[in-house]
Amino acid sequence: EVLKNEFTEPADFIVEFAHKCIDAGASAVIGGGTHQLKPIEIYKGYAIFYSLGNFIYQGKSVKYQPADFYEKYDVPLDYNTEEALNVRSKGDTIGIHKDFYNYMTFLPKMEFNAKKLTKLSLMPVELGFEKDECLNGLPCFATGKWGEKIFNHIQKLSKKNSVKMNYVNGYIEVEV
């Protein structure tokens, strides 16, 4: 199953920018800024990660949210983060903290020989989606069903870019 509620494709200008970075000599492009993973592409033998999603996801651990949050969600200004997020999530029943896809990422490991990418492996990481509040959002190596879920997700996202990968001993091995 691929995401049902968020944008999974990079914008065209991001693809163009990433390609130009590689064309100008970059060995890799690593994107972020979105809460969720986006596809991987191997472009001219180099890796482009359109978004690694979140790595540490502890928005609930700060005392207050930014002023525009309170305005956007019509939250009283004296509410702390827990109270404000409860309003936005309609009693913690909807929203980004309720979606596992915001709690998955991976750490890429790239090996080069003579400036050419020779090996690419990804360590799946989950951010404690089902863990208690104090551990929720902290990164840890994703094993078992979580590792497989991350593998299946990034594999499906990257399929349109003809990226081939395998899940081997808990790691995602990408063909370069």
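Everything below is about the structure printed above this text.
Quick caveat: nothing in here was measured; it's all calculated off a predicted structure. (Residues numbered from 1 in each chain as written. Predicted model: local features only at pLDDT ≥ 70, side-chain atom pairs only at ≥ 80, totals over all residues. Heavy atoms only, no water.)

A.B. asks: Where do I start with the overall build of the protein in this structure?
C.D. replies: Looking only at helices and strands, one finds four helices and eight strands in the protein. For the protein, the succession of helices and strands along the chain, N to C, is α-β-β-β-α-α-β-β-β-α-β-β. Seen along its three principal axes, the alpha-carbon backbone of the protein occupies a region of about 55 × 35 × 25 Å. Put simply, the protein has 176 residues, and 39% of those count as buried. (Helix = DSSP H or I, 4+ residues; strand = E, 2+ residues; numbered from the N terminus. Buried < 20%, exposed > 50% of the residue type's maximum accessible area, 1.4 Å probe, protein only.)

A.B. asks: What's the story with unusual backbone geometry in this structure? I'm lost.
C.D. replies: Backbone geometry places Asp74, a non-glycine residue, at a positive phi of 50°. Take Asp74: it is sitting in the loop between α2 (67-72) and α3 (81-88). Residue Lys115 is not a glycine yet carries a positive backbone phi of 65°. Take Lys115: it is sitting in the loop between β4 (104-113) and β5 (116-126).

A.B. asks: What am I meant to see in the pattern of salt bridges here?
C.D. replies: Proximity of charged atoms lets side chains of opposite charge pair with each other. Scanning the entire structure with this criterion turns up six salt bridges. Lys44 is paired through a salt bridge with Asp23; the nearest N and O atoms lie 2.9 Å apart. Of this pair, Lys44 sits in the loop between β2 (40-43) and β3 (46-49) while Asp23 sits in helix α1 (residues 12-23), and the two are 21 residues apart along the sequence. (Salt bridge = Lys/Arg side-chain N within 4 Å of Asp/Glu carboxyl O.)

A.B. asks: Would you explain the side chain of Ser51 in this entry?
C.D. replies: Here Ser51 is to be found in the loop between β3 and α2. A distance of 3.2 Å separates a polar atom in the side chain of Ser51 from the backbone oxygen of Gln36. The contact partners of Ser51, leaving out residues within four places of it in the chain, are Gly31, Gly32, Thr34, Gln36, Leu37 and Lys38. (Polar contact = N/O pair within 3.5 Å; in protein donor to acceptor, adjacent residues only side chain to side chain. Contact = heavy atoms within 4.5 Å.)

A.B. asks: Just checking my understanding: could you explain the pairing of strand β8 (residues 171-174) for this structure?
C.D. replies: Regular strands place side chains that alternate from one sheet face to the opposite one. In β8, alternate side chains face the same way, and those of Ile172 and Val174 are buried while those of Tyr171 and Glu173 on the opposite face are not. Both β5 and β8 contribute to a ladder of three bridges, which runs antiparallel. Of the residues in β8, the one forming a bridge with Leu122 is Ile172. Counted between consecutive antiparallel strands, the loop separating strand β7 (residues 165-168) from β8 contains two residues, among which Asn169 sits at a positive phi close to 50°. (Pairing = 2+ DSSP bridges.)

A.B. asks: Honestly, the sheet that holds β2 in this entry has me stumped. Any pointers?
C.D. replies: Within a sheet, neighbouring strands are paired by backbone hydrogen bonds and run either parallel or antiparallel to one another. In spatial order, the strands read β1-β3-β2; together these three strands make up an open sheet with mixed pairing. Of all strands in the sheet, those bounded by a partner on one side alone are β1 (28-30) and β2. The sheet shows a mean angle of 20° between the axes of neighbouring strands, taken without regard to direction. The sheet contacts of α1 involve β1, β2 and β3, and relative to β3 the element is tilted by about 150°. (Axes fitted to C-alpha atoms, helices over the stretch in contact; angles between N-to-C directions.)

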